[in-house]
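# Geometric and topological summary
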Amino acid sequence: MSKSFGDVWIFGDYRDYFQNRITLQLIAKGKDLAEMLNTGTTVVLLGEQVHQYAMEYVAHGANTVMVAEHPKLKEYEVETYTTLLSQWVKSYRPEIFIAGATSFGREFFPRLAKRLRTGLSADCVDLEVDPKSLLLVQTTPAFGGELLAEVVTPDRRPQMATVHPGVFRELPHNSEAVGRIIYPDVDVFPEPRVKVIRSRPPIKGKVSLEDASVVIAGGMGLRSKEQFELLYELAELLEGEVGATRPAILSGWADEERLLGQTGKSVKAKLVISIGTSGALQFTTGIQGAETVIAINRDPDAPVFRIVDLGLVADAAAVLPILIETLRRRL
Amino acid sequence: MIKYRESKISAHHNYLVNDMLTPGFVVGEPDKQGGFYFLADKVLAGESMPRISCRLLEEGSGNLLVELNWNRIQSNPKACIHQSIPGGFQILLSSGNVLLEVQTQAFANGYLTRIKARLYDEKGFLRIEPLGDSIKVHDAEKPVLDSPFSFSP
Amino acid sequence: MNIVVFIKQVPDVPNIRIDEQRMTIIREGVESIINPLDCVALQAALELREREGGRITVLSMGPPQSEEALREALAAGADKAILLTDSAFAGADTLATSHVLARAVSKLRPFPDLLLCGMQTIDSDTGHVGPQIAEELDLPQVCGVNEIHVDGDLLVLKRLSEGFLDTIRAPLPALLTVSKELCPVSDLSLGAVEAAFTQKDIIRWAAHDLGLHPDEVGLAGSATHVRKLRQPAARTGGRIVTGSPQSIVDALIRKLESMSILDEED
């Protein structure tokens with residue numbers, strides 16, 4: 001009756017859920033992959049009092065949620081989670097198992113993959129099922145993002161990958177959805193060797209790049225902190241947020257919470273205006289989820305122009321004051 | 001294969017039964033005149049209240065205590081009391097003891113209802129009893145309702 | 001406290017160039033460096049040895065020229081360097097790499113108390129090898145550590161995880177991967193360079209020294225295969241505009257209008 005063999009599995013990562021929607025993004029992608037494989041999408045959910053997440057996952061498209069509810073699963077613990085999920089995998093044999101490349105995903109999935117003696121690719125920016133071989137093609141940045149590698153796991157199962165947050169778009173919430181919930185019997189757990197004694201939640205800044213509909217992104221082409229600060233004026237006029245490349249942050253022009261890209265945040269904005277950024281992939285992975293990208297750069301050969309809808313070849317220092325003045329007049 | 005339990009789950013509202021989420025369930029036979037039943041019906045999107053209908057009987061005698069229809073008292077031969085509590089209601093016996101408690105927790109995008117009760121059928125069999133912060137249903141026949149229950153005309 | 005530091009020699013990524021025909025990295029003329037976060041791990045090991053005593057062993061798997069990275073580590077103060085090199089190791093994914101490194105650690109006597117590496121490398125950037133070594137050796141692991149305190153045979157650690165500041169207790173022996181916040185490293189001080197090149201030997205272990213069959217290492221022992229390398233796809237339909245600053249602003253304003261971000265002027 002209850003076949004879950006061959007499903008696409010998604011790790012239910014709910015810490016800081018209302019900020020971090022990675023699991024919902026993975027469900028949406030998981031459904032595409034599952035359709036190609038003619039199978040279902042299952043989210044595995046471990047924790048204490050996780051009912052609401054189970055419901056959210058169904059509302060966002062999961063066919064099945066597999067739940068372990070236990071006080072000892074309250075904290076994210078690599079070894080406990082590895083032991084439990086490796087048993088589940090051996091028992092239910094998913095074809096694909098993906099997790100968000102969150103701090104925990106990146107710490108826990110390698111250990112799980114090793115225990116299962118299977119392959120794992122890191123921080124993928126795309127996943128597709130090859131229609132011929134039906135293998136999962138895992139696209140992952142290499143050499144600092146200069147190249148993309150297409151990785152496959154030909155023989156071992158499940159095919160595992162962690163996925164960069166923000167590269168896939170979640171499905172809308174559907175209250176009418178009905179799914180299946182499975183509670184596998186859970187054994188007693190050994191005392192974990194690594195214990196989180198204290199976990200201080202993040203101090204929430206006002207910056208919410210992930211949810212902004214307009215993002216102004218600045219890079220080294222702005223040449224000074226003073227120039228960079230013009231971006232805040234521009235952002236205010238367009239009711240947007242300011243993001244920055246890693247070099248701009250290292251130069252002290254903006255705080256870490258504004259970091260865009262592979263090691264920072266990914267946006268799903270309607271519009272990104274990228275100013276003085278050269279367009280290294282570490283950065284552009286953070287803005288590729290935007291509907292429209294406009295870039296201003298004085299170098300016509302800047303790689304950033306390869307990914308834009310509109311490329312403006314100009315010196316930001318000359319353009320910014322005129323642009324701000326024009327907008328101020330118009331609004 | 002690891003042993004497991006399984007249920008349907010609604011994206012909108014569930015009841016917690018046997019430590020599982022379920023969109024709805026029924027114990028006993030609602031259509032059988034005078035007999036025990038407990039129906040926790042499927043709650044439709046847009047509604048935030050659970051839908052509890054039941055015929056509750058006295059332990060031992062099997063006499064009717066109270067009958068609820070969609071959370072409201074319909075028939076009340078033993079003068080039970082309907083009392084509102086935060087997020088739900090209680091049905092008290094005239095002695096003041098709690099016969100049934102129904103409480104709904106609201107999440108950001110959904111609802112979860114917990115029930116507390118110890119209920120017997122007309123033959124004196126225990127059909128529903130407390131488990132953790134909700135109930136356990138003894139029936140092997142416990143069907144999962146993923147669409148609203150329809151009574152016979 | 002005996003510490004093992006895993007280091008990897010990597011191309012200096014900001015300076016790499018790509019052979020666009022063959023879709024490979026042009027290694028000629030690109031300097032090889034120790035992966036920067038592995039330098040942080042080594043620096044942390046040096047500081048721990050200062051406080052706790054013990055010896056530092058650096059381990060690297062790679063082609064013969066990785067010896068340079070190990071020499072540098074010796075120059076910085078490591079006590080012993082082991083190079084795991086064998087043509088059979090080539091093409092390894094993280095599963096196969098961690099297998100070789102874990103096997104090498106299990107040969108060390110005494111077994112180390114602490115294993116350190118960078119939380120990721122700049123070339124492949126997976127961050128998998130540390131946790132996978134820990135798994136193979138059945139050691140506890142903590143990733144992205146930015147503070148290490150040793151209290152007897154216990155570690156008290158701090159790390160940032162999705163913005164949460166975690167304080168963590170772990171027993172020794174353990175494997176930690178370190179973040180750049182752990183200690184500032186500009187350049188390792190290579191005080192003893194000369195000595196490192198003349199007095200200290202680098203131990204070399206090949207597959208058979210580790211009791212490894214060629215099937216369980218390198219490409220053969222890997223679960224993943226790179227099917228293709230490619231350059232990030234260009235977005236299509238992009239329009240490039242040049243001109244005076246005013247005409248640039250006009251083009252931008254028209255775009256904002258067409259997207260209804262800005263109302264059209266009457």
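These lines cover the structure that appears in this document, whether it is placed above or below. (Residues numbered from 1 in each chain as written. Chains lettered and ligands numbered in written order. Predicted model: local features only at pLDDT ≥ 70, side-chain atom pairs only at ≥ 80, totals over all residues.)

## Some points on the sheet that holds strand β7 (residues 136–142) of chain A
What holds strands together in a sheet is hydrogen bonding between their backbones, with the strands either parallel or antiparallel. Put simply, the rule reads: Strands were regarded as paired on the criterion that DSSP finds at least two bridges between them. Secondary structure counts use DSSP, requiring at least four H or I residues in a row for a helix and at least two E residues in a row for a strand, with both numbered from the N terminus. Helix axes use the C-alpha atoms of the stretch in contact, all axes being lines fitted to C-alpha atoms, and the angles between their N-to-C directions lie in the range 0 to 180 degrees. Two residues form a contact once the distance between their C-beta atoms, set from the backbone, is within 7 Å.
Here we have four strands laid out as an open sheet, ordered β6(A)-β7(A)-β8(A)-β14(C), and antiparallel in their pairing. In this open sheet, the two strands that pair with only one neighbour each are β6 (126–129) of chain A together with β14 (225–230) of chain C. Going across the sheet, the axis of each strand differs from the next one's by a mean of 25°, ignoring polarity. Sheet analysis places β7 of chain A next to strand β8 (residues 147–152) of chain A, joined by five bridges and oriented antiparallel. Within β8 of chain A, the position partnered with P141 of chain A by the bridge is L148 of chain A. Sheet contacts for helix α1 (residues 22–37) of chain A: β6 and β7 of chain A; angle to β6 of chain A, the most-contacted strand, approximately 15°.

## Remarks on the sheet that holds strand β5 (residues 120–124) of chain A
The mixed open sheet is built from eight strands, whose spatial order is β5(A)-β9(A)-β4(A)-β1(A)-β2(A)-β3(A)-β10(A)-β1(B). What marks the edges here is a single partner per strand, and that holds for β5 of chain A together with β1 (4–10) of chain B. Strand-to-strand, the axes of this sheet are offset by a mean angle of 25°, without reference to chain direction. Bridge count for strand β2 (residues 41–47) of chain A against strand β3 (residues 64–69) of chain A is six bridges, and the pairing is parallel. Bridging from a neighbouring strand, L46 of chain A pairs with A68 of chain A of β3 of chain A. Strands β2, β3, β4 (96–100) and β10 (178–184) of chain A of the sheet are contacted by helix α3 (residues 78–92) of chain A, whose axis makes an angle of about 150° with β2 of chain A.

## As for the pairing of strand β12 (residues 174–178) of chain C
All names here are of chain C. Formally: Three exposure classes are used, based on other C-beta atoms lying within 10 Å of a residue's own C-beta, which is placed from the backbone: buried for 20 or more, exposed for 12 or fewer, and partly exposed in between.
Here β12 lies mainly inside the structure; five of its five residues are buried. In β12, alternate side chains face the same way, and those of A174, L176 and V178 on one face and L175 and T177 on the other are all buried. As defined by bridge partners, strand β9 (residues 141–151) adjoins β12 across three bridges and the pair is classed as parallel. From the neighbouring strand, V142 faces β12, where its bridge partner is L176.

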